[in-house]
Amino acid sequence: MDRRKVKKFWGRVKKCKDGCWDIVAGRPPKRYGRVRIDGQLVQAHRFVWELTYGPIPKGMKVCHDCDNPSCVNPEHLFLGTQKDNMQDAVRKGRMYQPKVKLTGAQVVEIRERYAIGGITQRELGEEFGVDRRTVTQVVTGANWKLFGGKLSTQNRRKLTVGQVAEIRKKYRDSGVLQCELAEEYEISRSAISLIVRRKRWRQV
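What you see is a predicted model; the values in this text were computed from it and never measured.

Conventions adopted
Residues numbered from 1 in each chain as written. Predicted model: local features only at pLDDT ≥ 70, side-chain atom pairs only at ≥ 80, totals over all residues. Heavy atoms only, no water. Phe/Tyr/Trp six-rings, centres within 6.5 Å; stacked < 30°, edge-to-face > 60°. Buried < 20%, exposed > 50% of the residue type's maximum accessible area, 1.4 Å probe, protein only. Helix = DSSP H or I, 4+ residues; strand = E, 2+ residues; numbered from the N terminus. Core = buried A, V, L, I, M, F, W, Y, C linked by side-chain atoms within 4.5 Å. Contact = heavy atoms within 4.5 Å. Salt bridge = Lys/Arg side-chain N within 4 Å of Asp/Glu carboxyl O. Expected span 1.5 Å × (residues − 1). Arc of directions from axis to C-beta.

Chemist: Give me the packing of aromatic side chains: which residues, what numbers.
Modeler: Counted under the stated rule, the structure contains four aromatic pairs. For the ring pair phenylalanine 9 and tryptophan 10, a centre distance of 5.2 Å and an interplane angle of 70 degrees mean the geometry is edge-to-face. Judged by its relative accessible area of 29%, tryptophan 10 falls in the partly exposed class. Ring centres 4.3 Å apart and planes at 50 degrees place the aromatic pair tryptophan 49 and tyrosine 53 in the tilted group. Remark: tyrosine 53 and tryptophan 49 occur in helix H2 (residues 44-53); sequence separation between them is four residues, near one turn of the helix. Among the residues examined, tyrosine 53 registers a relative accessible area of 46% and is labelled partly exposed.

Here is the structure:
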């Protein structure tokens, strides 16, 4: 591989505070980065896998442990079959999965521990056997409203119409990453994704 091409590729990558390395150019609507190799477009995370670890075995997929399609951090990638990929999607809440029942005591414990800090929603989900989205519903009170514990307001910050328009403009024109917008406006990355894809605030 031509070193100049490799250097140029890494110049398009931005390291985020959450550990992801986001490709900042060549992202189609589904947000998988792409790179042109020998005249053909190749998914960026597959390119990075082969660059770092070698050829991808036939029938294997390169999956994201971080659940961020635009990430090309080699440490966030793993090989798996299509079945492995589907199971990973279910585990992370990207596909339907049977609901896991939490007890009232577990709901209270999750809220209190998250409010204290020092633990992420992902880590709590792994500990209690639920996906991160379920933990978000618990700590914000979107579900299990009748149970106690301090609620997190992390995902409840209200944006003005001007801020929503500003977020979309920055993402469209400035090439700023969703994780950077989330930090700037103090809302979740998933909320930023909904805004830029016009899944929320469609009237703006």
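Chemist: Describe the environment of valine 6, listing the residues and the values that go with them.
Modeler: Along the chain, the position of valine 6 falls in helix H1 (residues 3-10). Looking at valine 6, the relative accessible area reads 15%, which means it is buried. Taking the C-alpha atoms as reference points, valine 6 and leucine 51, 45 residues apart in sequence, are found 8.9 Å from one another.

Chemist: Describe the environment of valine 161, with residues and values.
Modeler: With respect to the helices, strands and loops of the structure, valine 161 is situated in helix H7 (residues 161-174). Taking the relative accessible area as the measure of exposure, valine 161 reaches 56% and is therefore exposed. Along the primary structure valine 161 and glutamine 203 are separated by 42 residues, whereas in three dimensions their C-alpha atoms are 9.2 Å apart.

Chemist: Just give me the short version of the nonpolar core, but keep the residues and values in it.
Modeler: Phe9, Phe47, Val48 and Val72 are the most contacted members of the largest nonpolar core, which has 13 residues in total. Listed by contribution, the elements that provide at least two residues to this core are strand E3 (34-37) and H2. The biggest single contributor to this core is H2, with four residues. If we skip the residues at most four places from it in the chain, phenylalanine 9 touches Ile23, Val35, Ala44, Phe47, Val48 and Val72. Of all hydrophobic cores here, the second largest spans twelve residues; its members include Val164, Val176, Leu181 and Ala191.

Chemist: Let's hear about the pattern of salt bridges: which residues, and what values?
Modeler: Taken as a whole, this structure holds four salt bridges when the rule is applied. Across the pair glutamate 127 and arginine 113 runs a salt bridge whose closest N-O atoms are separated by 2.6 Å. You can see glutamate 127 sitting in helix H5 (residues 121-128) and its partner arginine 113 sitting in helix H4 (residues 104-116), a full 14 residues away along the chain. With relative accessibility at 46%, the residue glutamate 127 sits in the partly exposed group. With relative accessibility at 26%, the residue arginine 113 sits in the partly exposed group. Ionic pairing is found between lysine 169 and aspartate 173, a salt bridge with its closest N-O pair at 3.5 Å. A residue pair is termed a helical-turn pair when its members lie 3 or 4 positions apart in one helix, as lysine 169 and aspartate 173 do in helix H7 at four residues. The network of salt bridges with common partners includes Glu109, Arg113 and Glu127.

Chemist: How would you summarise H4 if you had to cite specific residues and measurements?
Modeler: With 13 residues, H4 ought to run about 18 Å at 1.5 Å a step, and its terminal C-alpha atoms sit 19 Å apart, in line with that. Within H4 the residues assigned to the buried category are Gly104, Val107, Ile110, Arg111 and Tyr114. Here the buried residues of H4 occupy an arc of 130 degrees about the axis, which is enough to place them on one side. More than 90 degrees from the buried face of H4, the exposed residues found are Ala105 and Ile116. Check the buried side of H4 and you find it contacts H5 and helix H6 (132-140).

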